[in-house]
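Per-entry structural report
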Amino acid sequence: MALPVSAPAAPSSSLSRLREIAPGLLLCLVIAALCIMIRNATGIAALNPVVLALAAGIAIGATVGRPAALKPGIAYAVKPLLRAAIVLLGLQVTLGELVALGPGALALAVAVVALTLPFTIWLGRVLGVEPALSQLIGTGTAICGASAIVAANQVARGKDEDVTYALAVITLCGTASLILFPLLGDLMGMSERAYGLWAGAAIHEVVQAVGAAAAGGPEASQSGTVMKLARVFLLAPAVVALGWWVARGGTEAGAAKAPVPWFAFGFLGLVVLGSTGLVPRAAVDASRFLVPLMLAASVAALGISTDLKALKKRGARPLLLGVASTVFIAVLALVGVALVG
């Protein structure tokens, strides 16, 4: 009796998957690396690689389009790569740094996030801005700019155009804050510590907040940086809360259940792990290199996927919402700093 001949082993599914996503993912990573090189070469902190990557992605999408061979890798960059970047971000915040701020300053960090996000969502409803876009603008303003926007969209589930518009609004408002805060701090005669806390509590992007705080002197730089990190720490709780709210029907899209943001718990887990002192310094330094690269690649993918015609339809109301939200958090943080002393 002849023995059955076994068929040749099929290529592993993981290898096939890698080949499928490689072209699009590689393109996004190359864009991200070039944008980081541009920022580093110029030394201009305001040239955020994430923003540059967004602009480059939009330009590529508008001129070259979205070839079928690139789509799997672009989709991978938008979700799995982004979530991994948010998790790694947890290594850059330690519980010890947060405790060193003191209870008053920590309460201020919680207050600006807890009040700015719902205020922005409410005002967005008043202005007629789409709920998902209001959520993204509110999260970006309240927490940490681009990182918060792309993380929050995992539960808000806005369109690519919503994310692109929110990133543009937050970039514009954050850059204006970077320029105006040092001038306003001087006019008000704020102490170094008070000014640093104000900048760290109110300005959107980490690089913008740190840059503005540094203009106030060494003590302002220290207090501003740690205050900003406190807001970054609140990214995970805020995304979890937003996902819960959306799932309960807090928006018109609430009927579609929001996914559980497991990446947020991964972020918190690495914050705790990093606070133990067991994580090698080389790993923390590696995260400082990888996170901007991964975030920029994710946003480049979003830019490539963006439909400019759909973006234009959003009109000026979301921009007005972003400006109003920025003014709100600036005033709120200023009052909070006066109370903290």
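Everything below is about the structure printed above this text.
Notes on the structure follow. (Residues numbered from 1 in each chain as written. Predicted model: local features only at pLDDT ≥ 70, side-chain atom pairs only at ≥ 80, totals over all residues. Heavy atoms only, no water.)

1. Re the overall build of the chain
Stated formally: Segments assigned H or I by DSSP are reported as helices when at least four residues long, segments assigned E as strands when at least two residues long, and all are numbered from the N terminus. Atoms counted for the radius of gyration: C-alpha only. Globule rule: 2.2 Å times the number of residues to the power 0.38. Burial classes follow relative accessibility: with a 1.4 Å probe on protein chains only, a residue under 20% of its type's maximum area counts as buried, one over 50% as exposed, and anything between as partly exposed.
Assigned secondary structure in the chain consists of 16 helices and zero strands. Its C-alpha atoms give the chain a radius of gyration of 21 Å, within 12% of the compact-globule value 20 Å for 341 residues. Overall size of the chain, expressed as C-alpha extent along the three principal axes, is 95 × 50 × 45 Å. The buried share of the chain, reckoned over its 341 residues, is 48%.

2. With respect to the pattern of salt bridges
So the rule is basically this: Salt-bridge detection follows one rule: a side-chain nitrogen of Lys or Arg within 4 Å of a carboxyl oxygen of Asp or Glu.
Under the criterion given, the structure shown has two salt bridges. Here Glu20 makes a salt bridge to Arg17, at a shortest N to O gap of 3.1 Å. Of this pair, Glu20 and Arg17 are both found in helix α1 (residues 13-42), three residues apart, which corresponds to roughly one turn of the helix. On the basis of relative accessible area, Glu20 is assigned to the partly exposed category, the value being 40%. Classification of Arg17 by relative accessible area gives partly exposed; the value is 39%. The shortest N-O distance in the salt bridge between Arg281 and Asp285 comes to 3.5 Å. Taken as a pair, Arg281 and Asp285 lie in helix α14 (residues 281-305) at a separation of four residues, close to a single helical turn.

3. Quick notes on the packing of helix α10 (residues 206-214) against helix α11 (residues 218-233)
Worth spelling out the cut-off: Axis definition: a line fitted to C-alpha atoms, over the contacting stretch in the case of helices. Angles run 0 to 180 degrees between N-to-C directions. Each angle receives one of four descriptions, namely roughly parallel if under 35 degrees, roughly antiparallel if over 145, roughly perpendicular if within 65 to 115, and oblique otherwise. In this scheme the crossing of two helices becomes right-handed for a clockwise turn of the near helix relative to the far one and left-handed for an anticlockwise turn of less than a right angle. Residues count as neighbours in contact if any of their non-hydrogen atoms are within 4.5 Å of one another. Residues were grouped as follows: Ala, Val, Leu, Ile, Met, Phe, Trp, Tyr, Cys and Pro as nonpolar; Asp, Glu, Lys and Arg as charged; and all remaining residues, including Gly, as polar.
In contact at an axis separation of 8 Å, α10 and α11 are set at 160° when each is read in the N-to-C sense. Classed by the angle they form, the pair α10 and α11 counts as roughly antiparallel. When you trace α10 past α11, the crossing you get is right-handed. Residues Val206, Ala209, Val210, Ala213 and Ala214 of α10 lie in contact with α11, whose contacting residues are Ala220, Ser221, Gly224, Thr225, Lys228 and Val232. Residue composition of the contact of α10 with α11, by class: seven nonpolar, three polar and one charged.

4. Things to note about the packing of aromatic side chains
Note the following rule: Any pair of Phe, Tyr and Trp rings, taking the six-membered ring for Trp, is counted once the centres come within 6.5 Å. Such a pair is stacked with planes under 30 degrees apart, edge-to-face with planes over 60 apart, and tilted for the rest.
For the structure shown, the criterion picks out four aromatic pairs. Ring centres 4.0 Å apart and planes at 10° place the aromatic pair Phe119 and Phe328 in the stacked group. In this pair, Phe119 is assigned in helix α5 (residues 103-127) and Phe328 in helix α16 (residues 317-340), connecting sequence segments 209 residues apart. Relative to Trp198, the ring of Phe181 lies with its centre 4.0 Å away and its plane at 20°, an arrangement referred to as stacked. Taken together, the residues Phe181 in helix α8 (residues 160-188) and Trp198 in helix α9 (residues 192-202) connect sequence positions 17 residues apart. Taken together, the aromatic side chains of Phe119, Trp122 and Phe328 make up a single cluster linked through ring pairs.

5. Topic: the environment of Ala194
As for its placement among the helices and strands, Ala194 is situated in helix α9. Sequence separation of Ala194 and Val340 is 146 residues, and the distance between their C-alpha atoms is 8.8 Å.

6. Examining the nonpolar core
Rules: Buried Ala, Val, Leu, Ile, Met, Phe, Trp, Tyr and Cys residues that are joined via side-chain atoms within 4.5 Å together make up what is termed a nonpolar core.
Counting residues in hydrophobic clusters, the biggest one holds 99 residues, and the most contacted among them are Ile86, Ile143, Phe181, Leu235 and Leu295. Beyond its immediate stretch of four places on either side in the chain, Ile86 contacts Ser147, Ala151, Leu235, Phe263, Phe267 and Leu295.

7. Focus: the state of the cysteines
The following threshold applies: In plain terms, two cysteine sulfur atoms within 2.5 Å form what is called a disulfide here.
Scanning all chains against the criterion turns up zero disulfides. Cys144 takes part in no disulfide bond, and the closest cysteine sulfur to it belongs to Cys173, at a distance of 16 Å. Residue Cys144 is classed as buried on the basis of its relative accessible area, which comes to 2%. The buried category is assigned to Cys173, whose relative accessible area is 6%.

8. A short note on α9
α9 sits mainly inside the fold: nine of its eleven residues count as buried. Of all the residues in α9, the buried ones are Ala194, Tyr195, Gly196, Leu197, Trp198, Ala199, Gly200, Ala201 and Ala202.

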